[in-house]
Amino acid sequence: MKNNLLKGKRGIIFGALDDKSIAWKVAKQAHDEGAKFVLTNAPIALRMGSIDQLAKETNSKVIAADATNMDDLDNLFKESIKELGGKIDFVLHSIGMSVNVRKGRSYYDQNYDFTIKGMDVSAISFHKVMQAAWNLDAMNEWGSIVGLSYIAAQRVFHTYNDMADNKAVLESIARSFGYHYGVRRNVRVNTISQSPTLTTAGSGVKGFDVFYRFSDDLAPLGNASADECASYTITLFSDYTKKVTMQNLFHDGGFSFMGMSEESMSNYLNSSKK
Ligand code: NAI
């Protein structure tokens, strides 16, 4: 699909680790839609992942930045403006990590150093990215900033652990910074609340395959794929959504508004005790 939706736009895409990453799919589609952008990830992810392949395919430069480090972010925005030849029109924050989840600590047995690190990487980094851009006045008017979230910000999902709190903070930052960025700079800020998606971060959650099947059964349109998430993200970067801001937008096949589906009901009928 090529509609030149992002023709002439300049962006920064955080979080493409490998070809399963949601950010990877966004980069591919943004390229197809005519955008120029810089790819970025934490230095360690650049060594482990396959971002160079994506850079080649999309004719883009890779600039390392730990999204929790203000000096890295300052350098990233300055260098991106130089590389792309002007201010930035869109930013994708596609970053998440919980140390408690990685180390197998349950929600009622947190190591708070892990909790704070995970919060910094998964949520506060969204604020840091925006503050770095704000300080440099790096965003063009009518620019668009998007972060990726999950419905565990509103509802409890067994084993999603402290990532639920991180996502709630992420969505709150989108609203709060969205206000300031909107009223002073005409820049919009939103989060997309995406279906469970088979990626490295997704598969790190214990019982992820059950999460995946449960929401796929319940959602009338089924789970949204990473590619579909990328298409939705492109619309938010395009000029067709200029007045959408401070929103958490569910992109989940209808899962968020379901109670009981025919499929789930029949699963229970078949398994109910007589
Ligand atoms: P992924 O593992 O491909 O992407 C996560 C990215 O975060 C990686 O590229 C990783 O290197 C990056 N990252 C971690 N620490 C960083 C740091 N300090 N600085 C810069 N980058 C850092 O997984 P996925 O699924 O594409 O995740 C992208 C976003 O989508 C995350 O916010 C995730 O929580 C969210 N999401 C994912 C869902 C899923 O089921 N996979 C569902 C809903 C939201």
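Asks: Account for the side chain of Asn 41, naming residues and giving values.
Replies: Structurally, Asn 41 can be placed in the loop between strand 2 (36-40) and helix 2 (43-48). By relative accessible area, Asn 41 is classed as buried at 13%. Looking at Asn 41, its side chain comes within polar contact range of the main-chain oxygen of Ala 16, at 3.1 Å. The contacts of Asn 41, once residues within four sequence positions are left out, are Gly 15, Ala 16, Leu 17, Leu 46, Ile 51, Ile 63, Ala 64 and Ala 65.

Asks: Go over the packing of aromatic side chains with me, naming the residues and quoting the values.
Replies: Tallying each qualifying case throughout the model produces 12 aromatic pairs. Here the aromatic rings of Trp 134 and Phe 177 are separated by 6.1 Å at their centres, their planes lie at 55°, and the arrangement is tilted. Of the two residues, Trp 134 is situated in helix 6 (residues 112-135) and Phe 177 in helix 7 (residues 163-185); the sequence distance between them amounts to 43 residues. Look at Phe 177 and you get buried, because its relative accessible area is 9%. The structure contains a cluster of three or more aromatic residues connected by ring pairs, namely Tyr 150, Phe 157, Tyr 160, Phe 211, Phe 214 and Phe 255. In this structure, Arg 185 packs its charged tip against the face of Trp 134, placed 3.7 Å from the ring centre.

Asks: Please set out the sheet that holds strand 4 (residues 88-93) residue by residue, giving values where relevant.
Replies: Pairing in this open sheet of seven strands is parallel, and the strands run 3-2-1-4-5-6-7 from one edge to the other. Of all the strands in the sheet, just strand 3 (61-62) and strand 7 (248-251) have a single pairing partner and so form its edges. Here strand 6 (residues 188-194) pairs with strand 7 via four bridges, running parallel. Looking across to strand 7, one finds that Thr 191 is bridged to Asn 248. Sheet strands in contact with helix 10 (residues 226-237) are strand 4, strand 5 (139-149), strand 6 and strand 7, and its direction is about 165° off that of strand 6.

Asks: So what's going on with the pattern of salt bridges? Which residues, and what values?
Replies: A full pass over the atoms with the stated rule returns eight salt bridges. Linking Glu 79 and Lys 82 is a salt bridge whose minimum nitrogen-to-oxygen distance equals 3.2 Å. You can see Glu 79 and its partner Lys 82 sitting in helix 4 (residues 70-84), three residues apart, about one turn around the helix. Residues joined by salt bridges that share partners form a network here, namely Lys 87, Asp 137 and Arg 185.

Asks: For the site of the ligand, give the residues involved together with the corresponding values.
Replies: Contacts to the ligand come from 27 residues, most closely from Ser 21, Asn 41, Lys 167, Thr 197 and Thr 199. Here Ile 22 contributes a backbone N or O atom positioned 2.9 Å from an oxygen atom of the ligand. Asp 66 has a polar side-chain atom sitting 3.0 Å from a nitrogen atom of the ligand. Here the ligand has 830 Å² of accessible area as a free molecule, and 92% of this is covered by the chains. Those elements giving two or more residues to the shell around the ligand turn out to be strand 5 and helix 8 (200-203). The element that contributes the greatest number of residues to the shell around the ligand is helix 8, accounting for three residues. Split into classes, the residues belonging to the shell around the ligand amount to 13 nonpolar, 12 polar and two charged.

Rules used throughout
- Residues numbered from 1 in each chain as written.
- Predicted model: local features only at pLDDT ≥ 70, side-chain atom pairs only at ≥ 80, totals over all residues.
- Heavy atoms only, no water.
- Helix = DSSP H or I, 4+ residues; strand = E, 2+ residues; numbered from the N terminus.
- Buried < 20%, exposed > 50% of the residue type's maximum accessible area, 1.4 Å probe, protein only.
- Polar contact = N/O pair within 3.5 Å; in protein donor to acceptor, adjacent residues only side chain to side chain.
- Contact = heavy atoms within 4.5 Å.
- Phe/Tyr/Trp six-rings, centres within 6.5 Å; stacked < 30°, edge-to-face > 60°.
- Lys NZ or Arg CZ within 6 Å of the ring centre and 35° of its normal.
- Pairing = 2+ DSSP bridges.
- Axes fitted to C-alpha atoms, helices over the stretch in contact; angles between N-to-C directions.
- Salt bridge = Lys/Arg side-chain N within 4 Å of Asp/Glu carboxyl O.
- Near = heavy atom within 4 Å.
- Areas by Shrake-Rupley, 256 points an atom, 1.4 Å probe, with all protein chains shown as cover.
- Nonpolar A, V, L, I, M, F, W, Y, C, P; charged D, E, K, R; others polar.

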